[in-house]
Amino acid sequence: MNFCSKCGSARIEKKIPEGDTLPRYVCQDCGEIHYSNPNVVTGVLPINDANEILLCRRSIEPRSGFWTLPAGFLENGESIEQGALRETREEAKLEVNNVKLFTVISVPKINQVYSFFIGEIANTDFGPTPESSEVKLFHVDNIPWDKLAFRTVKLTIEQYLEHGRNSFFNRVLDN
Ligand SMILES: [Zn+2]
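All figures in this text were calculated on a predicted structure; none of them were measured in a lab. (Residues numbered from 1 in each chain as written. Predicted model: local features only at pLDDT ≥ 70, side-chain atom pairs only at ≥ 80, totals over all residues. Heavy atoms only, no water.)

1. Structural notes on the coordination of the zinc ion
Here is step 1: Summarising the metal site, the zinc ion is bound by the protein donors Cys4 (SG), Cys7 (SG), Cys27 (SG) and Cys30 (SG), whose distances to it range over 2.3 to 2.4 Å.
Here is step 2: Given four donor atoms and angles of 105 to 115° at the metal, the environment of the zinc ion is assigned as tetrahedral.
Here is step 3: When the donors of the zinc ion are listed by position in the chain, the intervening gaps give C-x2-C-x19-C-x2-C. A residue pair is termed long-range when its members are at least 10 positions apart, and Cys4 in the segment before β1 (12–15) and Cys30 in the loop between β2 (24–27) and β3 (33–34) qualify at 26 residues. (Donors = N, O, S within 2.8 Å, 3.2 Å for Na, K, Ca; no water. Tetrahedral: all angles 85-135°; square planar, octahedral: opposite > 155°, others 65-115°. Helix = DSSP H or I, 4+ residues; strand = E, 2+ residues; numbered from the N terminus.)

Structure below.
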C-alpha cells in the first residue's frame, strides 16, 4: 500500500494498532487503519433430472479456456445466495430453483472463501456470455475432469457425485 485511501498521504506504516493482534497499514497523517480481509467467491452447482451438470467455459483469465461452475466475487450489499444467483445469470444466462447451500471451502493461502449452492436448472435458453465462451450440460459420466478450472469446482462436483444433492461439506484447502 503506497497511499492512504482516506487522505492521500504517502506516510503509511505497517504496525499493530493498540488493542489489535495483527499488523495493519496505518496512516501516519490521519490515523486511518487499512484492514485487509479475505474475499468471498460464491456460485452455483446447476443440476437437472437427466443426471447432467451445467458448466461454463471461461473466456477470461485466470484459467481461460477451462470449465467452471458459474461463480464470482460477492458484491457489497448482497447475501451469498443473491451473489451466487447473480453470477449464474451473468455468466450463463441461467436461472435455478430449489437453491440450497452445498459446499463451503476456505482457502487461507490465497485469502478466499468459496461457497457453492446446489440448484435445479430452470430454463433451457441459457448460453454464452462475455465471461463464458460456451455454456454446456455434461452428463455426470462425462465431466471434463482434466479441463476444470479450479480445485474448489472439482471438489464440489465430486461431493455431488459421491454423496448426492442433500449432502453438505465445509472444508479447508491448505495446500
Ligand atoms: Zn490518511
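The structure having been displayed, the exposition proceeds.
2. As for the packing of aromatic side chains
Here is step 1: All told, the structure shown has two aromatic pairs when counted by the stated rule.
Here is step 2: Seen from their ring centres, Trp67 and Phe138 are 4.8 Å apart, and the 80° between their planes marks the pair as edge-to-face. Of this pair, Trp67 sits in strand β6 (residues 67–68) while Phe138 sits in strand β10 (residues 132–139); the two residues are 71 residues apart in sequence, bridging distant segments of the chain. Here Trp67 and Phe138 have matching classes, each one buried.
Here is step 3: Seen from their ring centres, Tyr114 and Phe116 are 6.3 Å apart, and the 25° between their planes marks the pair as stacked. The burial state of Tyr114 is the same as that of Phe116; both residues are buried. (Phe/Tyr/Trp six-rings, centres within 6.5 Å; stacked < 30°, edge-to-face > 60°. Buried < 20%, exposed > 50% of the residue type's maximum accessible area, 1.4 Å probe, protein only.)

3. A few points about helix α2 (residues 151–163)
Here is step 1: In this model α2 runs 18 Å from its N-terminal to its C-terminal C-alpha over 13 residues, within 8% of the 18 Å that 1.5 Å per residue would give.
Here is step 2: For α2, the set of buried residues is Thr152, Val153, Leu155, Thr156, Ile157, Gln159 and Tyr160.
Here is step 3: Taken together, the buried residues of α2 touch β4 (39–47), β5 (52–58), β6, β8 (96–107), β9 (112–121) and β11 (169–172).
Here is step 4: Backbone geometry just after α2 places Gly164 at a positive phi near 85°. (Expected span 1.5 Å × (residues − 1). Contact = heavy atoms within 4.5 Å.)

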